[in-house]
Amino acid sequence: MKAKYILFAVLIILISLAIARSILPRQIDDVRPNRLCEDDLVNSSSVLMVIPIFENRSIAENMSWCEQILMLNKTLGMHGVYHTKKEFSEVRDENYVKTGMEEFRKCFGFYPSVFEAPQLSLSNENEKLLKSLNFTILHRFHYLTHKVYHCTDYEKKSWLMLLNTLNKII
Ligand SMILES: [Zn+2]
């Protein structure tokens, strides 16, 4: 009898998640010059999470790309500063975050207000720091309730490919 209730509860949760994922805005992560998903995915997404400085090259070095992204008329957020591994699990200060914010502003003409840590790895201290800079932070739960796509070197990261496929199913 008890097992039935548990099964029912799990089913309700799964259905709710599926509904949330089909309604809530789609998002693309790891957006940077020369790295954007296929057109249909971009068109159906409303949030683009941008890496301000990737492999030591600022997005602001490529103003035609900045304009192209702005023309898409999407919500733009900041995804790390350099997007190194566990970047925001290490001790970071205000200047570090502002370096990313500044490159973002040079590119798009405004400061970012949404933040997502690379690999969603964020220490409590850094979370406080980002909140003090008025960022809205995307957490792990966000990944469950939203379809988040990655346009990256899929060959190297098969789990990202799996996530993209999963997004098509649920
Ligand atoms: Zn990322």
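Summary of the structure given here. For clarity, every value in this text was computed on a predicted model and none was experimentally measured.

## Remarks on the overall build of the chain
Now for step 1: For the chain, the count of helices and strands is 7 helices and 8 strands.
Now for step 2: With the principal axes as the frame, the chain shows a C-alpha extent of 60 × 40 × 30 Å.
Now for step 3: Buried positions account for 45% of the 170 residues belonging to the chain.
Now for step 4: Looking at the chain alone, contacts between residues at least 24 apart form 62% of all its contacts between residues at least 6 apart.
Now for step 5: Carbon and sulfur atoms make up 59% of the accessible area of the chain, which totals about 10,200 Å².
Now for step 6: The centroid of the 21 positive side-chain charges in the chain is displaced by 8 Å from the centroid of its 19 negative side-chain charges.

## Here's the deal with the state of the cysteines
Each disulfide consists of a covalent bond between the sulfur atoms of two cysteine residues.
Now for step 1: Tallying each qualifying case throughout the model produces 1 disulfide.
Now for step 2: Covalently, C66 is tied to C107 through a disulfide, its sulfur atoms 2.0 Å apart. An S-S torsion of about -115° defines the bridge between C66 and C107 as left-handed. Taken as a pair, C66 in helix α3 (residues 63-71) and C107 in helix α4 (residues 94-108) lie far apart in primary sequence, 41 residues in all. The burial state of C66 is the same as that of C107; both residues are buried.

## Overview of the packing of aromatic side chains
Now for step 1: With the rule as written, the count across this model stands at 8 aromatic pairs.
Now for step 2: Ring plane angle 50° and centroid distance 5.8 Å describe the contact between Y82 and Y96, whose orientation is recorded as tilted. Linking Y82 in the loop between β5 (75-79) and α4 with Y96 in helix α4, this pair joins segments that are 14 residues apart in sequence.
Now for step 3: Taking relative accessible area as the criterion, Y82 reaches 26% and is therefore assigned partly exposed.
Now for step 4: With 4.8 Å between their ring centres and 65° between their planes, F104 and F108 make a pair best called edge-to-face. Of this pair, F104 and F108 both sit in helix α4, 4 residues apart, which is roughly one turn of the helix.
Now for step 5: By relative accessible area, which is 5% here, F108 ends up buried.
Now for step 6: A cation sits over an aromatic face here: R32 above F54, 3.7 Å from the ring centre.
Now for step 7: Of note, R92 hangs over the ring of Y96, and the distance from its end group to the ring centre comes to 4.2 Å.

## A few points about the environment of V114
Now for step 1: For V114, the position within the fold is in strand β6 (residues 114-116).
Now for step 2: Taking the relative accessible area as the measure of exposure, V114 reaches 16% and is therefore buried.

## Focus on the pattern of salt bridges
Now for step 1: A full pass over the atoms with the stated rule returns 6 salt bridges.
Now for step 2: A salt bridge links E90 to R92, with the shortest nitrogen-to-oxygen separation between them at 3.3 Å.
Now for step 3: Exposure remark for R92: the relative accessible area of 19% places this residue in the buried category.
Now for step 4: Linking K98 and E94 is a salt bridge whose minimum nitrogen-to-oxygen distance equals 2.8 Å. Linking K98 with E94, this pair stays in helix α4, spanning 4 residues, or about one helical turn.

Parameters at a glance
- Residue indices begin from 1 for each chain and proceed along its sequence in written order.
- Local features are withheld for residues below a pLDDT of 70 in this predicted model, meaning they are given only at 70 or higher, and side-chain atom pairs are given and counted only at 80 or more; totals for whole chains, interfaces and linings count all residues.
- Excluding hydrogens and water, the side-chain values take into account all heavy atoms of the structure.
- Runs of E in the DSSP output that reach at least two residues are strands. Runs of H or I that reach at least four are helices, and both are numbered from the N terminus.
- Three exposure classes are used, based on accessible area relative to the maximum for each residue type with a 1.4 Å probe and protein chains only: buried under 20%, partly exposed in between, and exposed over 50%.
- Residue contacts follow a heavy-atom distance rule, with two residues in contact if any of their heavy atoms lie within 4.5 Å.
- Using a 1.4 Å probe, the Shrake-Rupley method yields the accessible areas, and only the shown protein chains count as cover for residues.
- We count Lys and Arg on the positive side and Asp and Glu on the negative side, and we leave His and both chain ends out.
- Think of each charge as sitting on NZ of Lys, CZ of Arg, CG of Asp or CD of Glu.
- Count a disulfide wherever a pair of cysteine sulfur atoms falls within 2.5 Å.
- Pairing of aromatic rings covers Phe, Tyr and Trp, the last counted by its six-membered ring, and requires centre-to-centre distances within 6.5 Å; plane angles under 30 degrees mean stacked, over 60 mean edge-to-face, and any other angle means tilted.
- Charge-over-ring contacts are defined here by two conditions on Lys NZ or Arg CZ: a distance within 6 Å of the ring centre and an angle within 35 degrees of the ring normal.
- What makes a salt bridge here is a side-chain nitrogen of Lys or Arg within 4 Å of a carboxyl oxygen of Asp or Glu, nothing more.

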